[in-house]
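Chain residues, written in single-letter form:
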Amino acid sequence: MWLYDLDLMISTWAASLQGPGEGLFRLFVAGVCGGLIGLEREIRGRQAGLRTNILVCLGSALVMVVSTSFASADWQRVTQSGLIINVDPARIAYGVMTGIGFLGAGTIVQTKGSVRGLTTAAAMWCVAAMGLAAGFGLYVLTVSSAILILAALYGLDRLENLIPKVRYRTVTVRIPWKVGCVAETVEYFKSRKMDVIDAGFERSKDLTQADINLSIAFLSRKQYYSVERELEGDGRMQLMATREI
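From a predicted model like this one, the values you see are computed outputs, not experimental measurements.

Visitor: Please explain the overall build of the chain as it appears in this structure.
Guide: Broken down by element type, the chain carries 8 helices and 6 strands. Along the chain, helices (α) and strands (β) appear in the sequence α-α-α-α-β-β-α-α-β-α-β-β-α-β when read from the amino end. Looking at the chain residue by residue over its 245 residues, the buried ones come to 34%. Within the chain, counting contacts between residues at least 6 apart in sequence, those at least 24 apart form 66% of the total. Accessible surface computed for the chain: about 15,200 Å², of which carbon and sulfur atoms make up 62%.

Laid out in structure tokens, this is it:
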């Protein structure tokens, strides 16, 4: 298979570098691939951008290079007490993936029920695994995984925009107080093909107005923005606040 031949050719060439040369080449591959993912995150303005992803990938690759070198060292396998020393390089890889889990948790932000950063955290976890693959000398697999991760982050993001998806928002509308004004406001949004999940209100101090808080669900952002523009020109209802949840 051509992929096997390509991987064998690159591995043979890298092994010919000898000494620290092969390790440096592995770090270079990790840095480039991690940089590609970081560049995509940087362009989108995410928390973990170019430098973070490069450092995660480089660090993971370095750990794996050290781990494999540690395992291949000429250890005295049997101690004086008769104990046999076995070095498992995979244990360090386990530690890396666990540590990246904590780092990824730092990119997840929760604000009033809205959670952001899950994709960035998952991308960092994948970048760490990609760095381990580069550090182990799996060059074709490393580059292929970088392409697949980029496809998932960039290509699938566009595909998601084409898939109908329910979106949620909280909306606060100010309206003159009268009996039945809450039900009237709920019906207003329902007539615009939006589902009202929850509704509540607070009356003003002079009891002449009410702030009606609604949790709504809809499929199209364009549909919602048209309602926003409609409310801006409404002389009776005033849109006071809106937030995506």
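Text resumes after the structure shown.
Visitor: Can you walk me through the side chain of Thr120 in this structure?
Guide: Take Thr120: it is sitting in helix H5 (residues 118–135). The residues contacting Thr120, other than those within four sequence positions of it, are Arg41, Arg46, Gln47, Ala48 and Thr107.

Visitor: Looking at this model, I keep getting lost on the pattern of salt bridges. Mind explaining?
Guide: Two side chains that carry opposite charge are able to pair once their charged atoms sit near each other. By the definition in use, this model includes 7 salt bridges. Between Lys178 and Glu184 there is a salt bridge whose closest N-O contact spans 3.4 Å. With a relative accessible area of 44%, Lys178 lands in the partly exposed category. It is possible to trace a salt-bridge network through shared partners that takes in Glu40, Arg41 and Arg44.

Visitor: Would you mind going over the nonpolar core with me for this structure?
Guide: If you look at soluble globular proteins, the nonpolar side chains tend to sit buried side by side. The biggest cluster of nonpolar side chains holds 27 residues, and the ones touching the most others in it are Ile37, Val56, Val127, Met130 and Leu132. Here the element with the most residues in this core is H5; it accounts for 7 residues. Residues within four places of Leu132 in sequence aside, it is in contact with Ser60, Ala61, Met64, Ala93, Val96 and Met97. With 17 residues, the next largest nonpolar core counts Val173, Ile216, Phe218 and Leu231 among its residues.

Visitor: I tried to follow the packing of aromatic side chains on my own but got confused; where do I start?
Guide: Aromatic ring pairs are described here by two measures, namely the spacing of the ring centres and the angle between the planes. This structure, assessed with the given rule, holds 6 aromatic pairs. Both rings, one in Trp13 and one in Phe25, keep their centres 5.0 Å apart while their planes meet at 80 degrees; by these two values the pair is edge-to-face. Of this pair, Trp13 sits in helix H1 (residues 2–15) while Phe25 sits in helix H2 (residues 20–43); the two residues are 12 residues apart in sequence, bridging distant segments of the chain. For Trp13, a relative accessible area of 47% gives the class partly exposed. Residues Phe218 and Tyr224 carry aromatic rings whose centres are separated by 5.0 Å and whose planes lie at 10 degrees to one another, so their mutual orientation is stacked. The same class applies to Phe218 and to Tyr224, which are both buried. A connected cluster of aromatic rings, assembled from ring pairs, spans Trp13, Phe25 and Tyr139.

Visitor: I would appreciate a short explanation of the environment of Thr142 in the present structure.
Guide: Locating Thr142 in the fold gives a position in helix H6 (residues 139–162). Residue class for Thr142 comes out buried when judged on its relative accessible area of 0%. When near neighbours in sequence (up to four residues on either side) are disregarded, Thr142 contacts Val29, Cys33, Met130, Ala133 and Ala134.

Visitor: Which parts of the structure should I look at to understand the environment of Leu55?
Guide: Along the chain, the position of Leu55 falls in helix H3 (residues 50–72). Overall, Leu55 belongs to the exposed group, its relative accessible area being 60%. Taking C-alpha positions, Leu55 is 9.8 Å from Val127, a pair spaced 72 residues apart along the chain.

Visitor: Would you explain the state of the cysteines in this entry?
Guide: Covalent bonding between the sulfur atoms of two cysteines defines a disulfide. Taken as a whole, this structure holds 0 disulfides when the rule is applied. For the unlinked cysteine Cys33, the closest cysteine sulfur is that of Cys57, found at 6.6 Å.

Visitor: Quick question: what am I supposed to make of the environment of Thr170 here?
Guide: Within the secondary structure, Thr170 sits in strand E3 (residues 167–176). Sequence separation between Thr170 and Val196 is 26 residues; the distance between their C-alpha atoms is 9.8 Å. Ignoring anything within four residues of it in the chain, the contact list for Thr170 reads Leu214, Ser215, Ala241, Thr242, Arg243 and Ile245.

Visitor: Sorry if this is basic, but what is going on with unusual backbone geometry here?
Guide: Glycine aside, residues mostly have negative phi angles, and peptide bonds mostly take the trans form. One non-glycine residue, Lys193, lies in positive phi territory at about 65 degrees. Along the chain, Lys193 turns up in the loop between helix H7 (181–191) and strand E4 (195–203). Classification of Lys193 as exposed rests on a relative accessible area of 72%. Of note, Leu207 is a non-glycine position whose phi angle comes to about 65 degrees, a positive value.

Visitor: Help me understand the pairing of strand E5 (residues 209–218) in this model?
Guide: Note on strand geometry: in a regular strand, side chains alternate between the two faces of the sheet. Most of E5 sits inside the fold, with 8 of its 10 residues counted as buried. In terms of strand pairing, E4 meets E5 through 8 bridges, oriented antiparallel. Bridge assignment links Asp198 to a residue of E5, and that residue is Ser215.

What counts and how
- Residues numbered from 1 in each chain as written.
- Predicted model: local features only at pLDDT ≥ 70, side-chain atom pairs only at ≥ 80, totals over all residues.
- Heavy atoms only, no water.
- Helix = DSSP H or I, 4+ residues; strand = E, 2+ residues; numbered from the N terminus.
- Buried < 20%, exposed > 50% of the residue type's maximum accessible area, 1.4 Å probe, protein only.
- Contact = heavy atoms within 4.5 Å.
- Areas by Shrake-Rupley, 256 points an atom, 1.4 Å probe, with all protein chains shown as cover.
- Salt bridge = Lys/Arg side-chain N within 4 Å of Asp/Glu carboxyl O.
- Core = buried A, V, L, I, M, F, W, Y, C linked by side-chain atoms within 4.5 Å.
- Phe/Tyr/Trp six-rings, centres within 6.5 Å; stacked < 30°, edge-to-face > 60°.
- Disulfide = S-S within 2.5 Å.
- Pairing = 2+ DSSP bridges.

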